[in-house]
Amino acid sequence: MNKQATFQEQYGPWAVVAGASEGLGAAYADQLAQKGLNLVLIARREAMLVKLSGGLVEKYGIQVRILTLDLSQPDSTENIVQKTRDLEIGLLIYNAASSVVGPFLEHSIDEHLKEIETNVRAPLVLTHHFCGQMLARGRGGVVLMSSLSAFQGSAFIANYAATKAFNILLAEGLWEEWRNSGIDVMACVAGATSTPKYKASNPKQTGRFSDATLEPEVVVREALNALGKQPFVIPGKLNRFSSFIMRHILPRKVAIQMMGNILRNMYT
Ligand SMILES: NC(=O)c1ccc[n+]([C@@H]2O[C@H](COP(=O)([O-])OP(=O)(O)OC[C@H]3O[C@@H](n4cnc5c(N)ncnc54)[C@H](OP(=O)(O)O)[C@@H]3O)[C@@H](O)[C@H]2O)c1
């Protein structure tokens, strides 16, 4: 059996990509379409979804459904549930994120709560909903996007990093819980990735750290290759190396300070 047929059988016929209009989400959409999956594409900017969808339909002959909505709004997840009822969803990619960058108190509590809605509540609800159906079928997968900032407290993105830690632990717990049920759950713990959002955050270049910046296509390829094999993946050799040092060699207090210094140089 060829690799593509196996991927489709395990994760098809439809995948949901939440946060699909550009960057990593658009790269997921492209690589999943290439593997023959039909796609539900979700984001706030409809014109970008329409353009992406047109290209994918033309290039790969797949079907696409577009849902234009804001995942920070509590009713968005119920909307997704209703508008995908007639589809067999075999894969959920939760990619969208709200990220508040800068000193903690310079942002309102509403901005921080929006991070919780988008990065914690929505992936939790969608995982609960779609995995219920996948479990009944005995096959399927989930990728929750996380960040290297989530392996320790991260100054200047403290709440964002905490929401991303939630995603790692949720994925790891469910990976173990469903290991023998045919459902593959995985956190993709990305380092700096050259997406429009990352570039717009205007990070100052910080020597070795910026050398590790990856293209979205590379991150997505490594994530999809790892799905079904492990509870989390860290794309990029340099990211794996630096993360190993930060998690297993340095005392946690030193790792927190090191991450703080990197982010202080980047964002203040
Ligand atoms: N880029 C990096 O350096 C990096 C590093 C580590 C981890 N990550 C993680 O990778 C994921 C993707 O990051 P990214 O840099 O590509 O940027 P992002 O802004 O987090 O995600 C981009 C996609 O999500 C959509 N989106 C964002 N907020 C949304 C909302 N409230 N409702 C609906 N859609 C929403 C955006 O489309 P619309 O604006 O059209 O809605 C866009 O398509 C995130 O989970 C992030 O935490 C990124």
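The structure we're discussing is the one just above.
Because the structure is a prediction, the values reported are computed rather than measured.

K.L.:
Explain the overall build of the protein here, please?
P.N.:
On a plain count of helices and strands, the protein comes out with 11 helices and seven strands. In terms of overall size, the protein behaves like a compact globule, its C-alpha atoms giving a radius of gyration of 18 Å where 268 residues would be expected to give roughly 18 Å. Counting only C-alpha atoms, the protein reaches 50 × 35 × 30 Å along its principal axes. Partitioning the contacts of the protein with sequence separation of at least 6, the portion at a separation of at least 24 is 69%.

K.L.:
How should I be thinking about the sheet that holds strand β4 (residues 89-94) in this particular structure?
P.N.:
The strands making up a sheet associate through hydrogen bonds between their backbones, and the pairing can be parallel or antiparallel. Sheet architecture is open: seven strands sit in the order β3-β2-β1-β4-β5-β6-β7, paired in parallel fashion. Sheet topology places β3 (64-68) and β7 (232-233) at the edges, where each strand pairs with a single neighbour. Pairing between strand β5 (residues 140-147) and strand β6 (residues 183-190): eight bridges, direction parallel. Bridge assignment links Ser-147 to a residue of β6, and that residue is Ala-190. The sheet strands contacting helix α3 (residues 46-60) are β2 (38-43) and β3, and the helix crosses β3 at an angle near 175°. In the packing of helix α6 (residues 158-177) onto the sheet, the strands contacted are β5, β6 and β7, and the crossing angle to β6 comes to about 150°.

K.L.:
Explain the site of the ligand here, please?
P.N.:
Around the ligand, 27 residues are found, and the nearest of them are Gly-19, Gly-23, Arg-44, Arg-45 and Lys-197. Secondary structure elements with two or more residues in the shell around the ligand: α2 (23-34), β5 and α7 (196-200). Its residues placed into classes, the shell around the ligand shows 11 nonpolar, 11 polar and five charged.

K.L.:
Would you mind going over the packing of helix α5 (residues 109-137) against α6 with me for this structure?
P.N.:
Geometry of a packed helix pair, given as the angle between the helix axes and the separation of the axes. Remark: α5 packs on α6, axes separated minimally by 9 Å, with the N-to-C direction vectors making an angle of 10°. If you check the angle between α5 and α6, you find them roughly parallel. Where α5 approaches α6, its residues His-112, Glu-115, Ile-116, Asn-119, Val-120, Pro-123 and Leu-124 are matched on the opposing element by Asn-159, Tyr-160, Thr-163, Lys-164, Phe-166, Asn-167 and Leu-170. Taken together, the residues of the contact of α5 with α6 break down into seven nonpolar, five polar and two charged.

K.L.:
How should I be thinking about the pairing of strand β1 (residues 14-18) in this particular structure?
P.N.:
A regular strand places its side chains on the two faces of the sheet in alternate fashion. β1 sits mainly inside the fold: five of its five residues count as buried. On β1, burial covers both faces: Trp-14, Val-16 and Ala-18 on one face and Ala-15 and Val-17 on the other are all buried. Sheet topology places β1 next to β2; five bridges connect them, and they run parallel. Counterpart to Trp-14 in the pairing with β2 is Asn-38. Considered for its hand, the β-α-β crossover made up of β1, α2 and β2 is right-handed. Both β1 and β4 contribute to a ladder of five bridges, which runs parallel.

K.L.:
Honestly, the environment of Glu-215 in this entry has me stumped. Any pointers?
P.N.:
Along the chain, Glu-215 turns up in the loop between α8 (208-211) and α9 (216-226). For Glu-215, a count of 13 C-beta atoms within 10 Å gives the class partly exposed. Spatially, the C-alpha atom of Glu-215 lies 5.3 Å from that of Ser-194, the residues being 21 residues apart in sequence.

Scoring rules and cut-offs
- Residues numbered from 1 in each chain as written.
- Predicted model: local features only at pLDDT ≥ 70, side-chain atom pairs only at ≥ 80, totals over all residues.
- Helix = DSSP H or I, 4+ residues; strand = E, 2+ residues; numbered from the N terminus.
- Rg over C-alpha atoms; globule rule 2.2 N^0.38 Å.
- Contact = placed C-beta atoms within 7 Å.
- Pairing = 2+ DSSP bridges.
- Axes fitted to C-alpha atoms, helices over the stretch in contact; angles between N-to-C directions.
- Near = placed C-beta within 6 Å.
- Nonpolar A, V, L, I, M, F, W, Y, C, P; charged D, E, K, R; others polar.
- Parallel < 35°, antiparallel > 145°, perpendicular 65-115°, else oblique.
- Buried ≥ 20, exposed ≤ 12 C-beta atoms within 10 Å, placed from the backbone.
- Right-handed = clockwise from strand over helix to strand, strands pointing away.

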